[in-house]
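# Coordinate inspection notes
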Amino acid sequence: MELKTEKVMSKKKKIIHTSIVIVALVAILVLSYFVLVLTGLWEYINSVDKIRGLILSLGFWGRFAFVFLQFLQVTFLPIPSAVSTLAGVLVFGPLQASLLSLSGIMLGSVLAFWLGRKFGRPLVSFMVGKESCKKWTSFLTNAKYSFVVMMLLPIFPDDILCLVAGLTDMSWLFFVTTNLVSRPLAIFLTCYLGSGTIIPFHGWGLAVWGVFLIGVAVVLYLSFKYQKDIEGFIKKKFGGQAVSNVEAGRENVKKSKQKGKKK
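Note that the coordinates shown come from a computational prediction; the quantities given were computed from them, not determined experimentally.

## Examining helix α8 (residues 158–165)
For α8, the tally of buried residues reaches six of eight residues, placing the bulk of the element in the interior. Looking only at α8, the buried set comprises Asp158, Leu161, Cys162, Leu163, Val164 and Ala165.

## Considering the nonpolar core
Core analysis: the largest hydrophobic core is formed by 25 residues, its most contacted members being Phe147 and Leu161. Of all elements in the fold, only α3 (62–75), α5 (94–128), α6 (130–142), α7 (146–152), α8 and α9 (172–194) reach the threshold of two or more residues within this core. Looking at this core element by element, the count peaks at seven residues for α5. Other than its neighbours up to four places away in sequence, Leu161 contacts Trp136, Leu140, Phe147, Met150, Met151 and Phe156. Counting nine residues, the second-largest nonpolar core is a separate cluster that includes Ile51, Val67, Leu69 and Phe92.

## Examining the packing of α3 against helix α4 (residues 81–92)
Helix-helix packing is characterised by the crossing angle of the two axes and by the distance between the axes. Axis separation between α3 and α4 bottoms out at 10 Å; the angle between their running directions is 165°. Relative to α4, the element α3 is oriented roughly antiparallel. Crossing handedness for the pair α3 and α4: left-handed. Every residue of α4 that contacts α3 at Gly62, Arg63, Phe66, Leu69, Gln70 and Gln73 is listed here: Ser81, Ser84, Thr85, Gly88 and Phe92.

## Description of the environment of Ile187
Among the secondary structure elements, Ile187 is positioned in helix α9. Each C-alpha atom of the pair Ile187 and Leu102 lies 6.9 Å from the other, and the pair is 85 residues apart in sequence.

## Side note on the side chain of Ser101
Mapped onto the fold, Ser101 is located in helix α5. Taking relative accessible area as the criterion, Ser101 reaches 0% and is therefore assigned buried. Those residues in contact with Ser101 that lie beyond four places of it in its chain are Phe66, Gln70, Thr85 and Ile187.

## Looking at the environment of Ser84
Tracing the sequence through the fold places Ser84 in helix α4. Assessed through its relative accessible area of 0%, Ser84 is described here as buried.

## Re the environment of Thr137
Along the chain, the position of Thr137 falls in helix α6. A relative accessible area of 6% means that Thr137 is categorised as buried. Residues Thr137 and Val164, 27 residues apart in the sequence, show an inter-C-alpha distance of 5.8 Å. In this structure Thr137 touches Arg121, Val164, Leu167 and Thr168, once residues within four positions along its chain are discounted.

## Points about the side chain of Arg183
You can see Arg183 is positioned in helix α9. A polar side-chain atom of Arg183 sits 3.4 Å from a polar atom in the side chain of Asp159. Apart from residues lying up to four places away in sequence, Arg183 is in contact with Val74, Leu102, Ile105, Met106, Ser109, Met151, Asp158, Asp159 and Cys162.

## Let's talk about α5
Here α5 is 35 residues long, yet its end C-alpha atoms lie only 31 Å apart, well below the 51 Å a rise of 1.5 Å per residue gives. Along α5, the largest kink reaches about 130° and is centred on Gly120; proline Pro122 follows within four residues of it. Two residues or fewer after α5 comes Gly129, characterised by a positive phi angle close to 100°.

## Re the pattern of salt bridges
By the definition in use, this model includes two salt bridges. Two residues, Asp158 and Arg183, come together in a salt bridge whose shortest N-O distance is 3.7 Å. Residue Asp158 is located in helix α8, and its partner Arg183 is located in helix α9; the two are separated by 25 residues in the primary sequence. Taken individually, Asp158 and Arg183 each receive the classification buried, so the pair is uniform in this respect. Between Arg183 and Asp159 there is a salt bridge whose closest N-O contact spans 3.4 Å. You can see Arg183 sitting in helix α9 and its partner Asp159 sitting in helix α8, a full 24 residues away along the chain. The exposure class of Arg183 is buried, given its relative accessible area of 7%. Judged by relative accessible area, Asp159 falls into the partly exposed class, the value being 22%. Here the salt bridges share partners, and the residues they tie into one network are Asp158, Asp159 and Arg183.

Definitions and cut-offs
Residues numbered from 1 in each chain as written. Predicted model: local features only at pLDDT ≥ 70, side-chain atom pairs only at ≥ 80, totals over all residues. Heavy atoms only, no water. Buried < 20%, exposed > 50% of the residue type's maximum accessible area, 1.4 Å probe, protein only. Helix = DSSP H or I, 4+ residues; strand = E, 2+ residues; numbered from the N terminus. Core = buried A, V, L, I, M, F, W, Y, C linked by side-chain atoms within 4.5 Å. Contact = heavy atoms within 4.5 Å. Axes fitted to C-alpha atoms, helices over the stretch in contact; angles between N-to-C directions. Parallel < 35°, antiparallel > 145°, perpendicular 65-115°, else oblique. Left-handed = near helix turned anticlockwise from the far one by under 90°. Polar contact = N/O pair within 3.5 Å; in protein donor to acceptor, adjacent residues only side chain to side chain. Expected span 1.5 Å × (residues − 1). Bend = angle between axes of the 7 residues up to and from the residue. Salt bridge = Lys/Arg side-chain N within 4 Å of Asp/Glu carboxyl O.

This is the structure we're talking about:
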């Protein structure tokens, strides 16, 4: 009887705890929505110029709004991080925009990982789609260390990977360390290139930008064209024994089926 009572109490605690978390999450979403609507940010989220104008209109509080926007775009807002980041560069300059962006994006990344870990596959599937959830969960499960490489390359969906990583056995330490290495590189590069600090938007810089953009276009084209090959290479390179075991298992299944047919 005591064991049954303890189990019932344990279930009740889990239900209460989960309910509190869900209510808190819903409250954050509702509050975020009203903040976006009241500040007018909802109508500006897809335009660099409009986001810049809004941030400037908020004065001192513009910094907090910018960090909040960068936080939301990781999980809840369907906007490219480059759009909001470049808007921040126009207002705060490359260094300050980099630091503010890093603060918001790191917080958003940690929240995304926590959501995946806490609520599991149903929530992640709802947020990113069943196919994406299945694909990237399998990928990270079989090749955990590929997470480091994928977070550095622009062809992989960073924000989705952060959500899906929570479904795997990846530790908090590994996740946070990877983000602390990869996120600053991408953010600082975006801010300083976008500001014209490294390559100016006049004189000799125009020629360099032309060559650079053509090179980026070619690399992106080849990356998307051969994305499956790249994914396969990364999985084999960083998957280690896990991938070998999966492939060996598939081979054994195929052989057993073939033997069954011969009989």
